[in-house]
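Observations on chain architecture
Listed below, chain by chain, are the residues.
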Amino acid sequence: MVANIDVTLKDFLEHKLGIHHSHLAGVSTVLQWIVLLGIVQVVSYFIPTPENYYGMEHYLVLHTTMEIISIFISLMVFVVAWNSRDSGYPHSLTVLSSLFFVVSFLDLSHTLSYPGMAKFFTENDTNKYLNFWMAARFIATLGLLTFALQSFERMTKRSVKYVMFLSVLTASVVFSWLVVVHEDYFPIWFIPGSGLTPLKKDLEYLIIALNIVTAVILWKRLKSPQVLDISLVWGAVCVMAMGEFFFTLYTTKTGAYNVLGHLYKVIAYILIYRAVVVESIERPYRELEASQQNLELTVTASNTGLWDLNWITKETMFSAVWKQQVGYAAHELANHYDTWLMLLHPDDRQTAVDVFELFMNTPSMTKYENEFRLRHKDGSYRWIFSRGEKIKANNGAVERVLGSHTDITARKIEEGRFRSAVQASPNAMIMVNAKGIIVLTNSQTESMFDYTDGGLVGLHLNNLVPSAVQDNHQRNFEEYMQAPEDRAMGQGRLLFARRRNGDEFRVEIGLTPIAAQDGNYVLASVVDITAKIEAERRIEKLINYDLLTELPNRQLMMDRMQHAMTAAQRSGSRLALLYMNLDRFKHINDTLGHNAGDALLIEIAKRLTSIIKPTDTVARIAGDEFALVLEDVNEDEVARMAGKVLEVVAKGFLFEGQEVVLTPSIGIAMFPQDGADGESLFLSADTAMNKVKEDGRNDFRFFAKAMQQRTTRMLQLESAMHYALERNQFQLVYQPQMTMDGKTVIGVEALLRWTHPELGFISPAEFIPLAESNGQIIPIGAWVLRTALLQLKAWIEVGLKPMIMAVNLSAIQFRHPNLQGVVTGILNEVALPPEYLELELTESVATADPVNAIAVMNELHSLGIRLAIDDFGTGYSSLSYLKKFKVYKLKIDQSFVRDIATDSDDRAIVSAIIQMSKGLGFKTIAEGVETQAQSDFLMAQGCDEFQGYIFSKPLPAEQVLELIRKHQSRA
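The protein chain is annotated in an unreviewed UniProt entry as EAL domain-containing protein from Undibacterium flavidum.

A few words on the overall build of the protein chain. Secondary structure assignment for the protein chain yields 33 helices and 30 strands. Taking all 971 residues of the protein chain together, 45% fall into the buried category. Relative to all contacts within the protein chain whose residues are 6 or more apart in sequence, the contacts with residues 24 or more apart total 63%. Surface exposure of the protein chain reaches about 48400 Å², of which carbon and sulfur atoms provide 56%.

Glancing now at the pattern of salt bridges. Taken as a whole, this structure holds 32 salt bridges when the rule is applied. Here Glu 829 ties to Arg 786 by a salt bridge, and the two come within 3.2 Å at their closest N and O atoms. Of this pair, Glu 829 sits in helix α26 (residues 819-830) while Arg 786 sits in helix α24 (residues 777-797), placing them 43 residues apart in sequence. A salt bridge links Lys 889 to Glu 945; the nearest nitrogen and oxygen atoms lie 2.9 Å apart. Note that Lys 889 is positioned in strand β28 (residues 889-892) and Glu 945 in strand β30 (residues 945-947), a separation of 56 residues in sequence.

Moving on, we get to empty space enclosed by the protein. Throughout the structure, instances matching the rule amount to five cavities of 30 Å³ or more. Approximately 120 Å³ is the volume attributed to the largest cavity. Lining the largest cavity, in full, are Trp 307, Leu 309, Thr 316, Phe 318, Trp 322, Tyr 337, Trp 340, Phe 356, Tyr 368, Phe 372, Ser 386 and His 405. Listed by contribution, the elements that provide at least two residues to the lining of the largest cavity are β5 (304-310), β6 (316-318), α11 (337-343) and β7 (367-375). When grouped by side-chain class, the residues that make up the lining of the largest cavity number nine nonpolar, three polar and no charged.

This brings us to the layout of surface pockets. Quantified by volume, the largest pocket comes out at close to 1000 Å³. What lines the largest pocket is a set of 35 residues, and nearest its centre among them are Glu 749, Leu 751, Pro 764, Asn 808 and Asp 870. Mapped by element, the contributors of at least two residues to the lining of the largest pocket are β23 (745-756), α23 (764-774), α24, β25 (804-809), α25 (811-814), β26 (837-842) and β27 (866-872). Here the lining of the largest pocket is composed, by residue class, of 15 nonpolar, 11 polar and nine charged.

Sheets are built from strands paired through backbone hydrogen bonds, the pairs being either parallel or antiparallel. Across the sheet, which stays open at both edges, the five strands sit in the order β6-β5-β9-β8-β7 with antiparallel pairing between neighbours. Both outer strands of the open sheet, β6 and β7, are each paired with one neighbouring strand and no more. Strand-to-strand twist of the sheet, defined as the mean angle between neighbouring strand axes without regard to direction, takes the value 25 degrees. Of the strand pairs in this sheet, β5 and strand β9 (residues 398-407) are connected by seven bridges, and their pairing is antiparallel. Considered in β9, the bridge of Asn 310 is made with Arg 400. Across the sheet, helix α13 (residues 409-424) lies against β7, β8 (381-392) and β9, angled at about 125 degrees from β8, the strand it touches most.

A few words on the side chain of Ser 109. Mapped onto the elements, Ser 109 comes out in helix α4 (residues 91-112). Using a relative accessible area of 4% as the deciding quantity, one classes Ser 109 as buried. The contact partners of Ser 109, leaving out residues within four places of it in the chain, are Phe 120, Phe 132 and Ser 176.

Conventions adopted
Residues numbered from 1 in each chain as written. Predicted model: local features only at pLDDT ≥ 70, side-chain atom pairs only at ≥ 80, totals over all residues. Heavy atoms only, no water. Helix = DSSP H or I, 4+ residues; strand = E, 2+ residues; numbered from the N terminus. Buried < 20%, exposed > 50% of the residue type's maximum accessible area, 1.4 Å probe, protein only. Contact = heavy atoms within 4.5 Å. Areas by Shrake-Rupley, 256 points an atom, 1.4 Å probe, with all protein chains shown as cover. Salt bridge = Lys/Arg side-chain N within 4 Å of Asp/Glu carboxyl O. 1 Å grid on protein atoms, 1.4 Å probe; cavity = no way out; pocket = protein on both sides within 12 Å on 5 of 7 lines; lining within 4 Å. Points joined across faces, edges and corners; volume = space filled by probe spheres on them. Nonpolar A, V, L, I, M, F, W, Y, C, P; charged D, E, K, R; others polar. Pairing = 2+ DSSP bridges. Axes fitted to C-alpha atoms, helices over the stretch in contact; angles between N-to-C directions.

Written out as structure tokens, the structure is:
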């Protein structure tokens, strides 16, 4: 029931009245006492005073007893508060303790001055003792009000405390002297027979009012946490106000109201005393006890054992945790130094004792730290980390040592695993502390740095760093240890290390920061990357350099040229690319062998390198192709350099006693006008070089836009040619061949034409060489042969007489290994006799490789196919080979026929060809006959046949059919 009331009251105080929860218990208890005292006061007020009541018997004894209690309590308040601390005391309690000493002094004077007591210096009377009473009440009231108004956080120094005490003590002595010596200075407080004077009552009401104000102030402060427990002080103020009310009611000095007033004063003083005791003694003690409990809990939870050694008697206090660490209960181990010695591992005992005695015997050593093993109750051993500090006596001698034990067995096991992992690592592992001292390595480290006999542990890390970079390394190391996340140390792969003999080598390092109880460390994983770097260099050389000449290859040259272009753009200068191809270099390989060719390429590379500036680049592009990149040059300087290249390459080469002479063809492109990037510049130089090839080789050419246009045209034609056959863009036209008298059509020549839907008509002189160069002439030639023979068969089937179909063979077709199979296959497919087919090949084709030409001609002749030499007279025919060729006709080139009517040289050449042919048994046919005069001359010289515009230009198949039919009908 009481507990429920208490809970309800606390809830009301907190949630309705706003009292802070830290004050609830005190306010709740005090409030219940106040209610009880209030009830007593109300009841006593309404009890009527008997008539003829003159007070209580033995009042003097009772009064003296209650005053002595009050005085004693006041002095206890003073003594407890005054002696609780030496310095740093709350100012509010200092004020309260000093004033209550004055209150006890005044209350004592009041007691001694009471009538009936022995004379107190002067005769005792009512006003004398009331003077002391009123002074004590006012000082107590004002003291409590001052306390309530003070900041509880404000602290007072000891000197201020003494000044305050002496000040109030002096004031109270002076006041007492005035009361004793000059009582007439003070007012009358009580009139016998009448009771209290109005002044006395008014001042009592003022004291009540001041107490109420103090109570209100304290009540407000109870709504927030305070550094002092003020709930009891609040209760004391309330009780004092209630007690003062009794002193306004009495009419006799020995009445019940006087007794109740003194009783309430005693209760109030008891509450104040409790407040001071709680604040000065009980609460600090409870805090100390709680702190001690927290410390014990912390020590226990941290598994830290404590020990206290008396160095003189060797008695040692071992804490319960200390003993638990080795598996013993508190009573199972004696508290003596020998206990520790007994438990030490045999291997650790002497070292542990030596370390501890060194600590004890060395005055400068203030801290003791050591690691050792202690035997557990179960027979195993636990690793212990022990720390200690000396406690000295007044004479400076070491009296005791206080220390702690921490079980580090788990850490030691982890350290063992860590060391095993470090030893097992394939990399060199080095662990250093914050000072750069090596504390751990593995065998790979000792082998790498040539410390196979050990000795690395304990050395400074700088012993493994080249001296030239030690200062910078040390600075980076210190920065890394302060902020490992910044990773300032070890950045980059190409770091240097130093072996024991001073040799430097390249390493790659990975760093791992380690935070341990005894400080910060860093673990470095070191890999010797010397071989790796050499391999990378070799790979880089393979990627960027030509293995034979050791010149930059195309990739590196293009990269350098791009950098040079960027620099030229910034500076406004120009750059030149010389693209060089060795003329007929293939013949060197074919005749002297590839070793000779390689030797020549190496020598050319040396010669080219010798004539350029250090800022220029010579590169081998591929095979017999070289390139030179010249920076910051003009056309004149480039032309002079090209001339030097021609000169140094044209110098003879001596290989195995045989002199070899080579010539180059050089194409030149200038940046920026001939190309905005490397590829376009290279293309321009290649175009110019090809132009040199076409014009006869052994020279140089600057790129011109016309070259680029021609190259673009060739690229367009080559691309279009791949689809020309399947898209039916090729056509054949036919030009009749006649006997010289013009009476008989003996055959036709099939001529190829190409009409592109976008490019329009394309001349055979333009696309035939292109088809020969890209290999398209093989399928195109087969199509021409098949189409021409099919057309001849179609004509025969519609009534034309059989005749010869002349088809041109290119050099590529003639050298094709399966020429005979292709021709016979088409003849069989078309089902025409071979004698209807005449294959024309140029004089240059026939004489380029006479032996092979004779063999091919013999095979075709054996099949019954006619062979003719086209464009005769434009080449360099050997008569000795010509008579061996299985041909039956020579075709006189139109360049000789064109001017035979007016040019005596041409007439002489034509006459000689005709006469030679007759002598060798060959027929002759003249092409390009356009006038009657040309025809007459040829007939007069004995030419057998002709073709040309004088009879018909090349016509489509339908028109040729109509033309021949008309001619045959007239004949």
